[in-house]
Amino acid sequence: SAVISQKPSRDICQRGTSLTIQCQVDSQVTMMFWYRQQPGQSLTLIATANQGSEATYESGFVIDKFPISRPNLTFSTLTVSNMSPEDSSIYLCSVGTGEGEQYFGPGTRLTVT
Amino acid sequence: RKEVEQDPGPFNVPEGATVAFNCTYSNSASQSFFWYRQDCRKEPKLLMSVYSSGNEDGRFTAQLNRASQYISLLIRDSKLSDSATYLCVVTPGKIIFGKGTRLHILP
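Residues numbered from 1 in each chain as written. Chains lettered and ligands numbered in written order. Predicted model: local features only at pLDDT ≥ 70, side-chain atom pairs only at ≥ 80, totals over all residues. Heavy atoms only, no water.

1. Some words on the overall build of chain A
Our working rule: Elements are defined by DSSP. Helices are runs of H or I of four residues or more, strands are runs of E of two residues or more, and each kind is numbered from the N terminus. Only C-alpha atoms enter the radius of gyration; for comparison, a globular chain is expected to reach 2.2 Å times N to the power 0.38, where N is the number of residues. To sort residues, take the accessible area from a 1.4 Å probe on protein chains only and compare it with the maximum for the residue type: under 20% means buried, over 50% means exposed, and anything in between is partly exposed. Contacts are assigned to residue pairs with any non-hydrogen atoms lying within 4.5 Å of each other.
Within chain A, the regular secondary structure consists of 0 helices and 11 strands. Along the chain direction, N to C, the helices and strands of chain A fall in the order β-β-β-β-β-β-β-β-β-β-β. Against the 2.2 N^0.38 benchmark of 13 Å for 113 residues, chain A shows a C-alpha radius of gyration of 13 Å, consistent with a compact globule. Oriented by its inertia axes, the alpha-carbon framework of chain A measures out at about 35 × 25 × 20 Å. Relative to its full complement of 113 residues, chain A shows a buried share of 47%. Here the analysis covers contacts within chain A between residues at least 6 apart in sequence; of these, 52% occur between residues at least 24 apart.

2. Remarks on the overall build of chain B
Along the backbone of chain B there are 0 helices and 11 strands. Ordered by position in the sequence, the α and β elements of chain B form the string β-β-β-β-β-β-β-β-β-β-β. The C-alpha atoms of chain B give 13 Å as radius of gyration, which agrees with the globular expectation for 107 residues (13 Å, within 12%). If one aligns the C-alpha atoms of chain B with their principal axes, the spans along those axes are about 40 × 30 × 20 Å. Here chain B holds 107 residues, and the buried ones make up 46% of them. Excluding contacts between residues fewer than 6 apart, the proportion of contacts in chain B whose partners are at least 24 apart in sequence is 55%.

3. A look at the sheet that holds strand S7 (residues 68-72) of chain A
Residues and elements named next belong to chain A. For the record, the criterion: A pair of strands is considered paired only if DSSP assigns at least 2 bridges between the two. The convention used is that axes are lines fitted to C-alpha atoms, helices contributing only their stretch in contact, and that angles between N-to-C directions extend from 0 to 180 degrees.
Spatially, the 4 strands line up as an open sheet ordered S1-S3-S8-S7, and their pairing is antiparallel. The strands lining the two open edges of the sheet, one partner per strand, are strand S1 (4-7) and S7. Here the strands of the sheet are splayed against their neighbours by 15 degrees on average, with no regard to which way each runs. Examined bridge by bridge, S1 and strand S3 (residues 19-25) share 4 bridges and lie antiparallel to one another. Bridge pairing links Lys7 to Gln22 in S3.

4. So, the packing of aromatic side chains
All names here are of chain A. Here is the rule we go by: Centres within 6.5 Å make a pair out of two Phe, Tyr or Trp rings, where for Trp the six-membered ring is used; the pair is then stacked when the planes are under 30 degrees apart, edge-to-face when over 60, and tilted otherwise.
Inspection of every chain in the model, using the stated rule, returns 11 aromatic pairs over all chains. When the ring of Phe61 is compared with that of Phe66, the centres are 5.6 Å apart and the planes differ by 65 degrees; the resulting orientation is edge-to-face. On the basis of relative accessibility, which here comes to 9%, the residue Phe61 falls in the buried class. Residue classification places Phe66 among the buried residues on the basis of a relative accessible area of 3%. Note on Phe66 and Tyr91: the rings are 6.5 Å apart at their centroids and 40 degrees apart in plane angle, and the pair reads as tilted.

5. Section: the interface of chain A and chain B
Quick note on the threshold: Summed over both partners, the accessible area (1.4 Å probe) lost when two parts come together is defined as the buried area. Here a polar contact is taken to be a pair of N or O atoms separated by no more than 3.5 Å, where protein atoms must pair a possible hydrogen donor with a possible acceptor and residues adjacent in sequence count only if both atoms sit in side chains. Note on residue categories: nonpolar means Ala, Val, Leu, Ile, Met, Phe, Trp, Tyr, Cys or Pro, charged means Asp, Glu, Lys or Arg, and polar means any other residue, Gly included.
Contact residues are listed per partner, giving 20 residues for chain A and 16 residues for chain B. Buried surface at the junction of chain A and chain B, both sides included, amounts to about 1,500 Å², of which 52% is carbon and sulfur. When residues of chain A are sorted by the area they lose upon contact with chain B, Ser42(A), Glu99(A) and Phe104(A) head the list and together hold 29% of the total. Viewed at the interface, chain B and chain A are joined by 5 residue pairs in polar contact (both at pLDDT 80 or more). Among the secondary structure elements, those contributing two or more residues to the side of chain A that touches chain B are strand S4 (31-37) and strand S10 (102-104) of chain A. Grouping the constituent residues of the side of chain A that touches chain B by class yields 7 nonpolar, 8 polar and 5 charged.

6. Topic: the side chain of Arg37(B)
All names here are of chain B. Position of Arg37 among the secondary structure elements: in strand S4 (residues 32-38). Given the relative accessible area of 18%, Arg37 is considered buried. Among all residues touching Arg37, those that are not within four sequence positions of it are Glu43, Pro44, Lys45, Leu47, Ser81, Asp82, Ser83, Ala84, Thr85 and Tyr86.

7. Observations regarding the sheet that holds strand S8 (residues 70-75) of chain B
Residues and elements named next belong to chain B. Overall, antiparallel pairing links the 5 strands, which are arranged S1-S3-S8-S7-S6 in an open sheet. Among the strands making up the open sheet, the edge pair consists of strand S1 (4-6) and strand S6 (55-57). Neighbouring strand axes in the sheet, compared pairwise and without regard to direction, differ in orientation by 15 degrees on average. Examined bridge by bridge, strand S3 (residues 19-25) and S8 share 6 bridges and lie antiparallel to one another.

The following block contains the structure:
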């Protein structure tokens, strides 16, 4: 399985600001995913990021709020824009198949005040 | 009915006991099934796939019941290190995680 790192591991941000989360994989992968896990909840897929194309967003998530970049096969970023306290969550990137076999990064714990 | 449902627990089980929990899903077209384990404040990690014929890995056995639309996870001879939240994943064209079942193994 791939080794995945995320930066930052945690952050505390003020409402109205934006935070960009980086995800680095130690091997080239086709599909990268971004998830959100709110306190006490399970994981919710935000979007699928494929290199060379626009990210595909799930229902309830939009590009203006969560812009994603995928400049190459080992790296992706997720930006949480114009943050509000409701965006406080753990954000995880993952790699894997679109069939459910996923390998996750350690996550970014975001607190919005 | 929710797409994927799990008993949130917690299941408090003495060390050495056998424990089982289920995950029900609503979409009969679901094709792929998995169990993940998530330790406190850690990322989920793939535990095992669930095949139509079942799947066994050491003390862990996963089974699929398509007729009743659920998957199960059985843990035999439970260890303290098995304490975690177990998430099921169902893929009816998109990846859906259950909310997880918390398991506490008691010494």
